[in-house]
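Chain residues, written in single-letter form:
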Amino acid sequence: TLSTKSECSMTVRTRVAPSPTGDPHLGTAYMALFNRAFAKKFGGQFVLRIEDTDQARSTVESEQVIFDALRWMGLEWDEGPDIEGSSGPYRQSERLEHYAKHAAELVEYGHAFHCFCSTERLAELRRAQQSAGETPRYDGLCLGLDEADKVRRLENGDAHVIRLRVPDNGECTFEDGLRGIITIPWQQVDMQVLVKSDGFPTYHLAVVVDDHMMDITHVLRGEEWISSVPKHVLLYQHFGWEMPSHYHLPLLRNPDQTKMSKRRNPTSINYYRRCGYLPETLLNYLALMGWSMPDQSEMFSFDEMVEAFDIDRMSAGAPVFDIEKLNWLNGQYIRDMSATAFMDRVAEWAVNRERFQELVPLVQERTERFIDLLPQVDYLLGERAEITQANFEHKELDDGDCIRILDHALRTLERTRSWERDDLFDELKSLAEAMDVKFRDFLFPLFVAISGRDVSLPLFDSLAFLGSDLSQSRIRTAIDVLGGVSKKERRRLELEFKDLDR
Ligand code: GLU
């Protein structure tokens, strides 16, 4: 059982630790909110750490949008990559020496070992275990390597990873602040890779080293990490460090109880920002996910939440993120504003000179009377018009073709890093060529998805103006309008997309 650090004798320090690998996720804001509230409640500090050890997927652009989105929501941090503090650097890619040193220490004491197994061998092992109905798990082959052989291979520069040694028998028992005592048999715990072949640590090594070195006292994170706690317990034991208290918060759910994912509901904070949700509504709504005010009031500010905060009022049950409810709450906030505040907030949102300026080159040449203006931009400043399957009727394309085009365009846009008109054009043009579809035909379902009509302002300018979140969400809902895709169909489309020669 891990010991809980006492709350009165030390400064409470919490953290949120997003990976900069994509859109700023609502789940990150949710974790940041509770960690920040917890720290504030005890007069402590809230730290932002960037977990960018996945070299292939981490980007500085994504890091920046995470900063912007969290700040927009008012979730400021006391220390982080852009705010100096006592335990920096706060980006894991700048802390490699610490992980290397600690990994070497584990190896020296026999708690971790070098593993030279090839990806092919590991894949084969996984396949064999899966077909035998076993949980895939490293079989410990390299534990048996003799010392001379190991040294020879290391000197030779053979590719290898460092893995954690795990007890063969018995079980790991630890305490979760929300869920009580949890027991997991060691048999279910894999010999986790701690250092990858590129020399970067995995999450498991980095999180333990950093939480310790950054003096984190309470870890509030998503429930998907519960099964990893035994590995972390081992590491804390081996290093001789006291483990912070852990609270695994429930994941946000779709109304049908499935884990919230962007296929079902927009998950990017920027989507909500672009739609004109107020940051205080979003915060308030996220606070209601698993927590409640003692008087059950539904509308409250962050400061009121901190005032009343008590982690024991948090439930581990699966909270449903219901957009209808969020809309209702946003409406409450909007109706409570003064007329002046309303005008200011609308201007801050999008009805301002800066935003309008982006439209001028598009609309000026198409305008004879100013009264012609608004109908041209309605789908850019407002919702897309209602669409049905009938909107996709086309002489060359059937519904299946439209779905294929939309699906592949969406996959392309999801990995497009630069959301500029010309880059978007290049990306989609080359996709159309790879798919061997005439560009004009290719654009048709996209026009409908984005604007809700078949005549609109130029598509690529529209995409650029709407931004990635709104654009992608419109394409997703258009696919649904066309009947959606089954799991099997999605897998087929994914393979087909991979096979396109690009
Ligand atoms: N980088 C991890 C994530 O984004 C952090 C988990 C944690 O808070 O420990 O899920």
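Use the structure listed above.
Note on numbering: residues in each chain are counted from 1, in written sequence order. Residues qualify for local features only when their pLDDT is at least 70, as the model is predicted, and side-chain atom pairs are given and counted only at 80 or more; totals for whole chains, interfaces and linings, by contrast, use all residues. Hydrogens and water molecules were not included; the side-chain quantities draw on all heavy atoms of the structure.

A. Broad picture of the sheet that holds strand β4 (residues 161–164). Paired strands are those between which DSSP finds at least two bridges. Going along the chain from the N terminus, every DSSP run of H or I of four or more residues is numbered as a helix, and every run of E of two or more is numbered as a strand. In spatial order, the strands read β3-β4-β7; together these 3 strands make up an open sheet with antiparallel pairing. Looking at which strands have only one partner, the edges of the open sheet turn out to be β3 (112–115) and β7 (193–195). Across this sheet, the average inter-strand angle for adjacent strands is 45 degrees, counted without regard to direction. Pairing analysis gives 4 bridges linking β3 to β4, with the strands arranged antiparallel. Inter-axis angles, ranging from 0 to 180 degrees, are taken between N-to-C directions of lines fitted to C-alpha atoms, where helices are fitted over the stretch in contact.

B. Region of the structure containing the pattern of salt bridges. Salt-bridge detection follows one rule: a side-chain nitrogen of Lys or Arg within 4 Å of a carboxyl oxygen of Asp or Glu. Summed over all chains, the structure comprises 38 salt bridges. Residue E280 pairs with R345 through a salt bridge whose shortest N-O separation is 2.9 Å. In this pair, E280 sits in helix α9 (residues 279–287) while R345 sits in helix α12 (residues 339–349), placing the two residues 65 residues apart along the sequence. Throughout, exposure labels follow a simple rule: accessible area from a 1.4 Å probe, protein chains only, divided by the maximum for the residue type, with under 20% read as buried, over 50% as exposed, and the rest as partly exposed. Take R345: its relative accessible area is 22%, and that puts it in the partly exposed class. Put simply, E496 and R404 hold a salt bridge, and the shortest N to O gap is 3.0 Å. Residue E496 is located in helix α20 (residues 487–499), and its partner R404 is located in helix α16 (residues 399–414); the two are separated by 92 residues in the primary sequence. The partly exposed category is assigned to E496, whose relative accessible area is 23%. Since its relative accessible area comes to 24%, R404 is described here as partly exposed. Among the ionic contacts, a cluster of salt bridges with common partners joins R15, R49, E51, R95, D210 and D211.

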